[in-house]
Amino acid sequence: MAFSALKTDEMTRGEIEHMNLVRRLASECIVVLENDGTLPIKECGRLALYGNGARQTIKGGTGSGDVNSRFVIPISEGLISAGFEITTNDWLDRYDAQNEINLADYKARVRKYAEESSTSLANAYFEIVFGTPDMPRITEEDITASGTDTAIYVIARASGEGKDRTASKGDYYLTDDEEYNISLIRRRYAKVVVIINGGGVIDTAFLKSQNVNSILVVSQLGNVGGHVVADVITGISDPCGRLTDTWAKAYDDYPGKDDFSSNNGNTDDEFYKEGMYVGYRYFDSFGVEPAYPFGYGKSYTDFDIAVAETALDGEVFSAKLVVYNTGSEYAGKQVVQAYVSSPEGSLDKPFQDLAAFAKTDTLNPGQTQTIKLSFRMSDLAVFEKSSGRKVLEPGEYIVRIGKDCVDTIVAAVIKVKDLIVTQNLSRLFEDEGQYDFEELTNPGTGAQNHAEKDAAEKLKVPSYELNSHSVVTDSVRYCGIRETLRDERRDEKLTLGSVIGRRCGLSQFVAQLTVEEMAHICVGRYDPDGQNSEIVFSASPNVPGAASETTSDFYRSRSIQPVVMADGPAGLRLQPHFKATTQDELLPGGEVFGLVANPFPEDTPADAVDYYQYCTAIPIATALAQSWNTVLIREIGTMVGEEMETFGVNLWLAPGMNIHRNPLCGRNYEYYSEDPLLTGRCAAADTLGVQSVEGRGTTIKHFCCNNQEDNRMFSNSHVKERTLRDLYLRGFEIAVRESSPMAVMASYNLLNGIHTCNSYELLQNVLRDEWGYEGAVMTDWYSSFEEVGFLGYNKVFKYPPASSRRCIYAGCDWQMPGSAANEEDIITAIRDDRLLLADLQKCVMDIMRLCLKCM
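This write-up is about the structure you can find in this document.

Cut-offs and rules
- Residue positions are counted from 1 within each chain, in the order its sequence is given.
- Predicted model: local features are reported for residues with pLDDT of at least 70 only, side-chain atom pairs are reported and counted for 80 or more only, and whole-chain, interface and lining totals are derived from all residues.
- Heavy atoms from the whole structure form the basis of all side-chain values; hydrogens and water molecules are not counted.
- Only runs of H or I of at least four residues qualify as helices and only runs of E of at least two qualify as strands under DSSP, and these elements are numbered from the N terminus.
- Side-chain atoms alone can form a polar contact between residues adjacent in sequence; in general such a contact is a pair of N or O atoms within 3.5 Å, and within protein one must be able to donate a hydrogen while the other accepts it.
- Residues count as neighbours in contact if any of their non-hydrogen atoms are within 4.5 Å of one another.
- Exposed residues in this analysis have more than 50% of their type's maximum accessible area, buried residues have under 20%, and partly exposed residues fall in between, with area computed by a 1.4 Å probe over protein chains only.
- Only when DSSP finds a minimum of two bridges between them are two strands counted as paired.
- Throughout, disulfides are identified as pairs of cysteine sulfur atoms within 2.5 Å of each other.
- For helices, the axis comes from a line fit to the C-alpha atoms of the stretch in contact; other axes are also lines fit to C-alpha atoms, and the angle between any two N-to-C directions lies between 0 and 180 degrees.
- Stacked, tilted and edge-to-face are the three classes assigned to paired rings of Phe, Tyr and Trp, where Trp is represented by its six-membered ring and a pair needs centres within 6.5 Å; plane angles under 30 degrees give stacked, over 60 edge-to-face, the rest tilted.
- As a reminder, the over-ring test applies to NZ of lysine and CZ of arginine, requiring each to be within 6 Å of the ring centre and within 35 degrees of the ring normal.
- Just so you know how the angles are binned, under 35 degrees is roughly parallel, over 145 roughly antiparallel, 65 to 115 roughly perpendicular, and the rest oblique.
- Helix crossings are classified by the rotation of the near helix relative to the far one: an anticlockwise turn of less than a right angle makes the crossing left-handed, while a clockwise turn makes it right-handed.
- Polar here means any residue outside two lists: the nonpolar Ala, Val, Leu, Ile, Met, Phe, Trp, Tyr, Cys and Pro, and the charged Asp, Glu, Lys and Arg; Gly therefore counts as polar.
- Here, the term right-handed applies to a crossover whose path from the first strand over the helix to the second runs clockwise when the strands point away from the viewer.

Some points on the side chain of Ser 64
Link 1 in the chain: Considering the arrangement of structural elements, one finds Ser 64 in the loop between strand 2 (46-50) and helix 2 (75-82).
Link 2 in the chain: A polar side-chain atom of Ser 64 sits 3.0 Å from a polar atom in the side chain of Arg 667.
Link 3 in the chain: Leaving out residues up to four positions away in the same chain, Ser 64 has contacts with Phe 126, Glu 161, Asp 567, Gly 568, Arg 573, Arg 667 and Glu 670.

Following this line, the structure appears as structure tokens:
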């Protein structure tokens, strides 16, 4: 197959258009935490710029979520391009010099770790964290030489795959040098703006104690982030983002902080003792005041929200809201959020849950817009473990509407007279290890704190009664033991070429395959002569740098085209520059592992052909979610789909959808939020955008409860079924039902004692039976590898790797990146009657349907 990569390194019109698109949209991802009028800066003059993110702005997270873009526009360059004169170059030069020393040391540590652990640079890159470098302290001379009364300080934080963050200085907390520097400039400059360039929550207590004039959470905005920040600083763009997580006053305020990941020294078993009380559900229910609440964000202007009309039509509640820009100078957008407080009953519930949200268009001063929020009452149902049903308990459901989860008013009351059953499900997720633990329960503090205000507001709003006949009860038919293969899709055709010479139905095609052929299809492309040590970053011979591709062994004989998969979720992760012979044979060199790259060998042929694959780095998932704008996210998704088409990628291994259970999860930047509704809607929008481009699809991941990175492949997440269904699975359900992603990736971890890729209850009963999913499912990389020493793991683990045979039984169609042992396990299990032939055929059917969509 010929390469789809470009033979010129000149910037294409498409690349320029995509970067301009990100620049235009990404300002909606920036959240204003504090602003006393210092921002925007109307006149571009002399400006003092400090901080480790000023010139070394971080575009995104590390690991498979990294993107090898052509360049990165740092904040310093963006400000200079906007017309500012940076007058602190001496300090910035001193920091750059120190950073070069730290970078050289980091690269040496990565290579040393790879050698001593007998692993690859790619795997060592996952294990060794660069961290926050030491930085010089600002001097009085620096301040005097700057000649300005305005300073910007950029705090940058990196996080990534394979390692969780820590509640330590230089990560969650500021370093001593950062505190010294910020304290000094706050005393010496009249105006101080602090910019947080990080993938997640950091402690803001020190910043608030210094009363800095403005605080911006710019997150990590991709390779044109510097321009986006400058547009916001100057007021060209409106920073109308809102937080997707609760920012606590102190890390100790988060539930479960003592037991999370490595905090208690045990990464084998993770007990979700906080239950449903994650993020705002905990803070609101327990009456813990945060530094900044979920959904919070300021603007350069002010808005009023008035409830014009509410209605209950069947089970659908709707509210028409008039949003008014009351400011006099700046245009802006406002996010409107609806929360519902469910009644206290026999089932424990948080104080409130996000039920709907919407964002206005850009409103000029004095302009209004009427927008509509709506939700189904059945979406508020909770799982009743004793009966295996989802139910709405009787009582009053209080609808709250406002700007964030704290700043709301009561808009309506919906009364449910009797218990309403919305779904007849089944109890599925018993803990295999028979572990038992107590979950947090609602103490009622939140309701008590709102009782007086609620009583007064309820008298002024409409009250409705939900008729039980308005809610249709869904009864799920579960697939117990798989039936023999049936031809369920006669309309899908596959040309068999010279082998058969006619067209046939998909099931007839699969029925012709041998067990050996099917086993080979169900694993990814691998090196049969020995595991390719760099397979994580260079596993596709057709699209170098892509995460993997399926086998091409049947391309000529069976017309089965390989499916190319590329990492994300902040754009496509491909090798930006590679060389090949004139016969299109890939040559070594050019592989990129974060901050470490392989050079091209000196013996590279002189007539080698150069190829280029520069992709656009988009804002990280958390930043996209901070826009609270699904139209924007869909537009970004379409852009990614177009780049997939350009470079020959079929499946994007994104979006990531895991809940932000704790701010220290190293991979939170890949995920959207602490809330499942916001998470599901963002992932659905992303998927709809990507899949609007023919032959391109998404892979929602990591399914599910992959909420820590330390020991991620062998950690056992112990979660009670109510919490699992109502919190951790709900976002995935929304994405599946609203966007039908082509693929789902199971997570590394075990769930209640069973690897997720081996869980029939998760992949068949929930994903397919309950949600009606018809796409393909794959493992995360190396999940079913028995030998993990080449990954640098030299310890003995409490739990074994996933079983290759049980992957097929559970309906995990693809085992990635695959191995000869995986194939042999499948073949042997069929021959020994430990696996049904129908199970293997069903997995191949799922894969073939996806292959057809990619053709």
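There's more to say after this.
What about helix 8 (residues 225-233)?
Link 1 in the chain: Buried residues dominate helix 8, accounting for 9 of its 9 residues.
Link 2 in the chain: Of all the positions in helix 8, only Gly 225, Gly 226, His 227, Val 228, Val 229, Ala 230, Asp 231, Val 232 and Ile 233 are classed as buried.
Link 3 in the chain: The inward-facing, buried residues of helix 8 abut helix 1 (13-25), helix 2, strand 4 (150-157), strand 5 (191-198) and strand 6 (214-217).
Link 4 in the chain: At the exit of helix 8 stands Gly 235, carrying a positive phi of roughly 85 degrees.

A word on the sheet that holds strand 32 (residues 750-751)
Link 1 in the chain: As summarised here, the arrangement of the 4 strands in space is 7-30-32-33, forming an open sheet in which the pairing is mixed. The open sheet terminates on both sides in strands that have one partner only, identified here as strand 7 (269-271) and strand 33 (754-755).
Link 2 in the chain: Pairing between strand 7 and strand 30 (residues 716-718): 3 bridges, direction parallel. For Asp 269, the partnering residue across the bridge sits in strand 30 and is Asn 716.

A closer look at the environment of Gln 423
Link 1 in the chain: Mapping Gln 423 onto the fold places it in strand 17 (residues 420-424).
Link 2 in the chain: For Gln 423, a relative accessible area of 14% corresponds to the buried category.
Link 3 in the chain: In this structure the C-alpha to C-alpha distance between Gln 423 and Arg 389, which are 34 residues apart in sequence, comes to 5.6 Å.
Link 4 in the chain: Ignoring anything within four residues of it in the chain, the contact list for Gln 423 reads Gly 388, Arg 389, Lys 390, Thr 473, Asp 474 and Arg 737.
Link 5 in the chain: Looking at Gln 423, its side chain comes within polar contact range of the side chain of Asp 474, at 3.4 Å.

Overview of the state of the cysteines
Link 1 in the chain: This structure, assessed with the given rule, holds 0 disulfides.
Link 2 in the chain: The structure places no disulfide on Cys 757, whose sulfur is separated from the nearest cysteine sulfur, that of Cys 807, by 3.8 Å.

Topic: the sheet that holds strand 17
Link 1 in the chain: Taken in spatial order, the 4 strands line up as 13-14-17-19 in an open sheet, and their pairing is mixed. One side of each edge strand has no neighbouring strand; the edge strands of this open sheet are strand 13 (382-384) and strand 19 (474-475).
Link 2 in the chain: In this sheet, strand 17 lies alongside strand 14 (residues 389-392) in antiparallel orientation, the contact comprising 4 bridges. Within strand 17, the position partnered with Lys 390 by the bridge is Gln 423.
Link 3 in the chain: Most of the contacts of helix 17 (residues 721-728) go to strand 13, to which it runs at about 160 degrees, and overall it touches strand 13 and strand 14.

Brief notes about the environment of Tyr 339
Link 1 in the chain: Within the secondary structure layout, Tyr 339 lies in strand 10 (residues 335-341).
Link 2 in the chain: Spatially, the C-alpha atom of Tyr 339 lies 7.1 Å from that of Ala 356, the residues being 17 residues apart in sequence.
Link 3 in the chain: In contact with Tyr 339, not counting residues within four places along its chain, are Tyr 280, Phe 294, Gln 352, Asp 353, Leu 354, Ala 355, Ile 398, Val 399, Arg 400, Asp 404, Cys 405 and Thr 408.
Link 4 in the chain: Among the polar contacts made by the side chain of Tyr 339, one reaches the main-chain amide nitrogen of Cys 405 at a distance of 3.4 Å.

Side note on the packing of aromatic side chains
Link 1 in the chain: If you walk through the whole model with that rule in mind, you get 30 aromatic pairs.
Link 2 in the chain: A ring pair is formed by Phe 3 and Phe 578, whose centres lie 5.1 Å apart and whose planes are at 65 degrees; its orientation type is edge-to-face. Here Phe 3, found in the segment before helix 1, pairs with Phe 578, found in strand 24 (residues 577-580); they are 575 residues apart in sequence, far enough to count as distant.
Link 3 in the chain: Residue classification places Phe 578 among the buried residues on the basis of a relative accessible area of 0%.
Link 4 in the chain: Pairing Tyr 782 with Phe 785 gives two aromatic rings, centres 4.9 Å apart and planes at 90 degrees, and the pair type is edge-to-face.
Link 5 in the chain: Judged by its relative accessible area of 6%, Phe 785 is buried.
Link 6 in the chain: Taken together, the ring pairs connect Tyr 172, Tyr 173, Tyr 251, Tyr 254, Tyr 277, Tyr 282, Phe 283 and Phe 286 into an aromatic cluster.
Link 7 in the chain: Taking the ring centre of Phe 600 as reference, the NZ or CZ of Lys 579 above it sits at 5.0 Å.
Link 8 in the chain: The cationic tip of Arg 661 hangs over the ring face of Tyr 272; the distance from NZ or CZ to the ring centre is 3.8 Å.

Focus: the packing of helix 2 against helix 8
Link 1 in the chain: Helix 8 packs onto helix 2 with a crossing angle of 50 degrees between their chain directions and a minimal axis gap of 7 Å. Relative to helix 8, the element helix 2 lies oblique. Helix 8 is crossed by helix 2, and the crossing has right-handed handedness. Judged by residue contacts, Ile 75, Gly 78, Leu 79, Ser 81 and Ala 82 of helix 2 engage Gly 226, His 227, Val 229, Ala 230 and Ile 233 from helix 8.
Link 2 in the chain: Among the residues forming the contact of helix 2 with helix 8, the class breakdown is 6 nonpolar, 4 polar and no charged.

Observations concerning the pairing of strand 2
Consecutive side chains of a regular strand alternate in pointing toward one face of the sheet and then the other.
Link 1 in the chain: Most of strand 2 is tucked away: 4 of the 5 residues are buried.
Link 2 in the chain: Pairing between strand 2 and strand 3 (residues 85-86): 2 bridges, direction parallel. Bridge pairing in strand 3 links Arg 46 to Glu 85.
Link 3 in the chain: Crossover connection from strand 2 via helix 2 to parallel strand 3: handedness right-handed.
Link 4 in the chain: In terms of strand pairing, strand 2 meets strand 4 through 3 bridges, oriented parallel. Counted as the bridge partner of Leu 49 is Ile 152 from strand 4.

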